[in-house]
Amino acid sequence: NALNIYYRGNSLVQLRYEAGRLIGRTHYKYLLRPTSQVCYVSSVDGHFNWANQSFSKLWLQDLNDVEQLKAASLPYAGNEKTGVHRIIQSSKKVVVDLEIAIEKKAEETVRASAPRIDFAALQEKRSSIEIMFFEVKHVSNPELRASGDVEPAVIRQIKSYERLLALYQQQLVASYQKVCRNLVALFGCPSSQLIQRVANGAELSVSTEPRLVIFGFDEDQKQGAVWGGHCKKLCKALGEDRVLLRGNAAGF
């Protein structure tokens, strides 16, 4: 019942339609005007003076200033967020969701700190269609590495996703059937036959084995002794078919 607007991997605003009005949520870090000529805020006896004009000059006042909002978000678009953005741009026909928060709790709302799988996509599997989940890491992420026989942090992360996906298979199928129907309702006949088929009632299943996407390396790094050893450890833990290596995220 909500729509998130993304720019280079950053969720600029979440929109809901409630009682005839558009209700939005935007993180405060995206609201500082990047082109503001006012750089200082005065204080008296230690208290900042927001009563003057500086507040409106420092902070964006509404969502109409899209270019300023995008510019303010750029410093937060790191390697991994930008990489996910490029993957999504090159995989539009099959990607159906981003930043999927799945949490084992009774409440309907999900904590902001709940672990989030980067994206979900549809894939053909024999006579049915499968929802597959992907976690994306830049090669520089320390979670991909661990010395000796120690398990890298990313493996523990993937295993926690496995447990949640297995626990909520039925709910996920029902949810993504609705997502596909919504996409067709919003945009008409989509370019993806898979989305159209799911919307029309094709059999849908959930893969409980998330894939790990690693990008941002060159051929020397891929074949090198340092990264090569860590990569082999990841492939051994997850299986080679679940570790997807791409030097450039746009080539996913």
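The following refers to the structure shown. Predicted model, so just to flag it, every value in this text is computed and none were measured. (Residues numbered from 1 in each chain as written. Predicted model: local features only at pLDDT ≥ 70, side-chain atom pairs only at ≥ 80, totals over all residues. Heavy atoms only, no water.)

## Here's the deal with the packing of aromatic side chains
For any pair of aromatic rings, the description rests on two quantities: the centre-to-centre distance and the angle between the ring planes.
Then, in step 1: Applying the stated rule across the entire model yields 3 aromatic pairs.
Then, in step 2: With centroids separated by 5.7 Å and ring planes inclined at 70°, the aromatic side chains of Tyr-30 and Tyr-76 adopt a geometry described as edge-to-face. Within this pair, whereas Tyr-30 is found in the loop between strand 3 (21-25) and strand 4 (43-44), its partner Tyr-76 is found in the loop between helix 2 (66-73) and helix 3 (79-89), the two being separated by 46 residues in sequence.
Then, in step 3: The class of Tyr-30 is buried, set by a relative accessible area of 3%.
Then, in step 4: Their ring planes at 5° and their centres at 4.7 Å tell us that Phe-119 and Phe-134 sit as a pair that is stacked. Of the two residues, Phe-119 is situated in strand 7 (residues 116-125) and Phe-134 in strand 8 (residues 128-138); the sequence distance between them amounts to 15 residues. Phe-134 carries the same exposure label as Phe-119, and that label is buried.
Then, in step 5: Across from the ring centre of Tyr-76, 4.9 Å away, lies the NZ or CZ of Lys-29, which sits over that ring. (Phe/Tyr/Trp six-rings, centres within 6.5 Å; stacked < 30°, edge-to-face > 60°. Helix = DSSP H or I, 4+ residues; strand = E, 2+ residues; numbered from the N terminus. Buried < 20%, exposed > 50% of the residue type's maximum accessible area, 1.4 Å probe, protein only. Lys NZ or Arg CZ within 6 Å of the ring centre and 35° of its normal.)

## Things to note about the environment of Val-13
Then, in step 1: Topologically, Val-13 is positioned in strand 2 (residues 10-18).
Then, in step 2: We classify Val-13 as buried; its relative accessible area is 6%.
Then, in step 3: Taking the C-alpha atoms as reference points, Val-13 and Thr-26, separated by 13 residues in sequence, lie 4.7 Å from one another.
Then, in step 4: Those residues within four positions of Val-13 in sequence are excluded, and the remaining contacts are Leu-3, Asn-4, Ile-5, Gly-24, Arg-25, Thr-26 and Leu-63. (Contact = heavy atoms within 4.5 Å.)

## As for the sheet that holds strand 3
Two strands in a sheet stick together by hydrogen bonds in their backbones, pointing the same way (parallel) or opposite ways (antiparallel).
Then, in step 1: The strand order across the open sheet built from 3 strands is 1-2-3, with neighbouring strands paired in antiparallel fashion. Of all the strands in the sheet, the pair left with one neighbour each is strand 1 (3-7) and strand 3. Strand-to-strand, the axes of this sheet are offset by a mean angle of 25°, without reference to chain direction.
Then, in step 2: Pairing of strand 1 with strand 2, which is carried by 5 bridges, proceeds in the antiparallel orientation. When the bridges of strand 2 are listed, Ile-5 appears paired with Val-13.
Then, in step 3: Across the sheet, helix 2 is in contact with strand 1 and strand 2; its angle to strand 2 comes to roughly 135°. (Pairing = 2+ DSSP bridges. Axes fitted to C-alpha atoms, helices over the stretch in contact; angles between N-to-C directions.)

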